[in-house]
Amino acid sequence: MDMGLNTAIRTEVFGTLADGTAVHRWTLERAGTRVRVLTYGGVVQSVEVPGRDGVRAQVALGLPDLAAYEKPSGPYFGALVGRYANRIARGTFVLDGQTHRVTRNEGRNHVHGGARGFDRRVWEARELTDGVELSLVAEDGEEGFPGRLAVSAAYTLDEDGALRIAYRATTDAPTVLNLTNHTYWNLAGADSGSAVGHTLRIAAGRITPTDAESLPTGQFLPVDGTRYDFRETRTVGGGYDHNFVLYAADDGPAAELCDPVSGRVLTVTTTEPGLQLYTADHFDGRPYGPCDGIALETQHFPDSPNRPEFPSTVLRPGEEYVSTTVYGFSVR
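Basis of the calculations
Residues numbered from 1 in each chain as written. Predicted model: local features only at pLDDT ≥ 70, side-chain atom pairs only at ≥ 80, totals over all residues. Heavy atoms only, no water. Helix = DSSP H or I, 4+ residues; strand = E, 2+ residues; numbered from the N terminus. Rg over C-alpha atoms; globule rule 2.2 N^0.38 Å. Buried < 20%, exposed > 50% of the residue type's maximum accessible area, 1.4 Å probe, protein only. Lys, Arg positive; Asp, Glu negative; His and termini not counted. Charge placed at Lys NZ, Arg CZ, Asp CG, Glu CD. Pairing = 2+ DSSP bridges. Salt bridge = Lys/Arg side-chain N within 4 Å of Asp/Glu carboxyl O. Phe/Tyr/Trp six-rings, centres within 6.5 Å; stacked < 30°, edge-to-face > 60°. Lys NZ or Arg CZ within 6 Å of the ring centre and 35° of its normal. Core = buried A, V, L, I, M, F, W, Y, C linked by side-chain atoms within 4.5 Å.

### Regarding the overall build of the protein chain
Okay, so step 1: Each helix and strand in the protein chain was counted, giving 1 helix and 29 strands.
Okay, so step 2: In terms of overall dimensions, the protein chain is globule-like: its C-alpha atoms have a radius of gyration of 19 Å, near the 20 Å expected for 332 residues.
Okay, so step 3: With the C-alpha coordinates of the protein chain rotated into their principal frame, the extents come out at 60 × 55 × 40 Å.
Okay, so step 4: Evaluated residue by residue, the protein chain yields a buried proportion of 58% over its 332 residues.
Okay, so step 5: In the protein chain, the 31 positive side-chain charges and the 43 negative ones have mean positions that sit 2 Å from each other.

Written out as structure tokens, the structure is:
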């Protein structure tokens, strides 16, 4: 195992695609946290952290081998999602007066980058002092998106064992961009069954309500008196797949998830304006059942390219997309 300045780093071949492309797995370890990241899809395959008893458990829902990740997409286990995370209505948006049509891979709509989004790509890897940086180039027209996009994501461990994902991107033509990590968390352990019973706090006073196709209506719904009010810590039930409008990043963490039994706590801090809470009610038992994990996807709002009232996701030449999310771990 090669030692970085503070983080132990190891790489190994995880598997090989049908075309002969090797996929590597990077293991990062520091301050009790062990994280494994794949070059396929930028996947966070596992996160191991100790509980109140000091025993380390795998708390990110992962799959055992490359073949499992190559199966038709759906749950996006641990993946880096893009070029546009979440939904674009009717797979169409107008940018600078030009209409762009992107892949419709969820009925009439686009979701999570299309048929071959970033979760289906093999990323180039470069070792950093405290982690690994993955990078790729998405060519103009891929999945219908304009602009040749150069994007990177640095996965590092802070001195307290927090996992930091720092995204950067540039483009040679105006485009839209929305990136997220799609890890499902079960702080009792990935093999422990339903995560219903975890407690959750979200620093958000509003959500963007959706219609029957999970598309935002354009309204902002206050959470007061609703099941979406997580401003004070309470138990999570099922039935959530909603975008929360976060308070400003300098107001503190975006979310805090806790398993009362093990004492494990996950704290999410982000520069993004939104957080999608998804309780995975539709998992079919292969290999995880309904609500076995909770996704806390930090991102811009769904369908922003068609919603001028939402924060813009437009990236132009000469600009740099910069976004950071930190997953901190502790016990109580």
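### A look at the sheet that holds strand 20 (residues 204-208)
Okay, so step 1: Ordered in space as 18-27-26-23-20-21, the 6 strands form an open sheet in which the pairing is antiparallel. Two strands close off the open sheet at either side, each with one partner strand: strand 18 (184-185) and strand 21 (221-222).

### Some remarks on the sheet that holds strand 24 (residues 255-258)
Okay, so step 1: Strand order in the open sheet formed by 9 strands is 12-13-14-15-29-25-24-19-22, with antiparallel pairing between adjacent strands. Two strands close off the open sheet at either side, each with one partner strand: strand 12 (124-128) and strand 22 (234-235).
Okay, so step 2: Where strand 25 (residues 264-270) lies against strand 29 (residues 321-331), 7 bridges are found, and the strand directions are antiparallel. Among the inter-strand pairings, Leu266 is bridged to a residue of strand 29, identified as Phe329.

### Comments concerning the pattern of salt bridges
Okay, so step 1: Scanning the model with the defined rule gives 22 salt bridges in all.
Okay, so step 2: For Arg231, the salt bridge is made with Asp229, and the minimal N-O distance between the two is 2.9 Å.
Okay, so step 3: Across the pair Asp284 and Arg286 runs a salt bridge, and its minimum N-O distance is 2.6 Å.
Okay, so step 4: A relative accessible area of 48% means that Asp284 is categorised as partly exposed.
Okay, so step 5: A single salt-bridge network, built from bridges that share partners, covers Glu29, Arg34, Arg36, Glu48 and Arg56.

### Here we look at the pairing of strand 10 (residues 98-101)
Okay, so step 1: Two strands pair when backbone bridges link them, and strand 9 (residues 92-95) and strand 10 are joined in this way by 4 bridges, in the antiparallel orientation. Each bridged residue has a counterpart across the sheet, and for Thr92 the counterpart in strand 10 is Arg101.
Okay, so step 2: Remark: 2 residues form the turn of the hairpin made by strand 9 and strand 10, two consecutive strands paired antiparallel; Asp96 in that turn has positive phi of roughly 55°.

### Some words on the packing of aromatic side chains
Aromatic ring pairs are defined here through the distance separating the ring centres and the angle between the ring planes.
Okay, so step 1: Throughout the structure, instances matching the rule amount to 15 aromatic pairs.
Okay, so step 2: Relative to Phe301, the ring of Phe220 has its centre 6.5 Å away and its plane inclined at 70°; by these criteria the two rings are edge-to-face. Residue Phe220 is found in the loop between strand 20 and strand 21, and its partner Phe301 is found in the loop between strand 27 (294-299) and strand 28 (314-315); the two are separated by 81 residues along the sequence.
Okay, so step 3: Taken together, the ring pairs in this structure connect Phe77, Tyr184, Tyr278, Phe283 and Tyr288 into an aromatic cluster.
Okay, so step 4: Here Arg227 stacks its cationic end above the ring of Tyr240, 4.0 Å away from the centre of that ring.
Okay, so step 5: The ring of Phe230 has Arg234 sitting right over it, with the charged end atom 4.2 Å from the ring centre.

### Structural notes on the nonpolar core
Okay, so step 1: In this structure, Tyr155, Ile202 and Leu277 are the most contacted members of the largest nonpolar core, which totals 55 residues.
Okay, so step 2: It is strand 14 (residues 149-157) that contributes the most residues to this core, 5 residues altogether.
Okay, so step 3: Leu17, Leu66, Ala68 and Tyr69 belong to the second-largest nonpolar core, a separate cluster that totals 24 residues.

### Some remarks on the pairing of strand 19 (residues 199-202)
Okay, so step 1: Summarising the sheet, strand 19 and strand 22 pair through 2 bridges and their orientation is antiparallel. In the strand pairing of strand 22, Leu200 is matched with Arg234.
Okay, so step 2: Sheet analysis places strand 19 next to strand 24, joined by 4 bridges and oriented antiparallel. Bridge assignment links Leu200 to a residue of strand 24, and that residue is Leu257.

All quantities given are derived from atomic positions and should not be read as evidence of function.
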